[in-house]
Amino acid sequence: WNLRGIWMTGCIGCLTPAELRRARAKEGQTTWEFTLTNGVVRIMIDGEALYEHRLIGECKEVYSKTTRFAFYDMTCENTFLYRPDDMELGDRGTPTCAGQCPSENGQ
């Protein structure tokens, strides 16, 4: 998901709704919170759900059982906020994406 579109392989493929593209956090960086619970995909900003999609059929069946997911095909320009209480980092979840991107201090 990004400002251009929301994709979930085989289940969701749409342009990001204008309301979500225009939304801004009250302070600081705008953080999109993604949840996938009981087959419902939600994207929220400051606790307000600005996108919701109820999965159906095979998508609901498969993703309702999901207990974790991974970010992939990210470039060095992509970022995500790591929340240790809610997330577990994989081997590539490092400041340099396992050496694929330069670190912020140029190394």
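Everything below is about the structure printed above this text.
Residues numbered from 1 in each chain as written. Predicted model: local features only at pLDDT ≥ 70, side-chain atom pairs only at ≥ 80, totals over all residues. Heavy atoms only, no water.

1. A closer look at the environment of glutamate 52
For step 1, the next point in the chain: Among the structural elements, glutamate 52 can be located in strand E5 (residues 48-54).
For step 2, the next point in the chain: Within the local environment of glutamate 52, its side chain forms a polar contact with the side chain of arginine 42, the two groups lying 2.7 Å apart. (Helix = DSSP H or I, 4+ residues; strand = E, 2+ residues; numbered from the N terminus. Polar contact = N/O pair within 3.5 Å; in protein donor to acceptor, adjacent residues only side chain to side chain.)

2. Regarding the environment of threonine 66
For step 1, the next point in the chain: Here threonine 66 is to be found in the segment after helix H2 (57-63).
For step 2, the next point in the chain: Residue threonine 66 is classed as partly exposed on the basis of its relative accessible area of 27%.
For step 3, the next point in the chain: In this structure, the C-alpha to C-alpha distance between threonine 66 and asparagine 38, residues 28 residues apart in sequence, is 9.0 Å. (Buried < 20%, exposed > 50% of the residue type's maximum accessible area, 1.4 Å probe, protein only.)

3. Structural notes on the sheet that holds strand E4 (residues 40-45)
For step 1, the next point in the chain: Taken in spatial order, the three strands line up as E3-E4-E5 in an open sheet, and their pairing is antiparallel. Each edge of the open sheet is held by one strand with a lone partner, namely strand E3 (33-37) and E5. Ignoring which end each strand starts from, the neighbouring axes of this sheet average 20° apart. (Pairing = 2+ DSSP bridges. Axes fitted to C-alpha atoms, helices over the stretch in contact; angles between N-to-C directions.)

4. A look at the environment of threonine 67
For step 1, the next point in the chain: In this structure, threonine 67 sits in the segment after H2.
For step 2, the next point in the chain: Counting along the chain gives 31 residues from threonine 67 to leucine 36, while the straight-line C-alpha distance between them is 8.9 Å.

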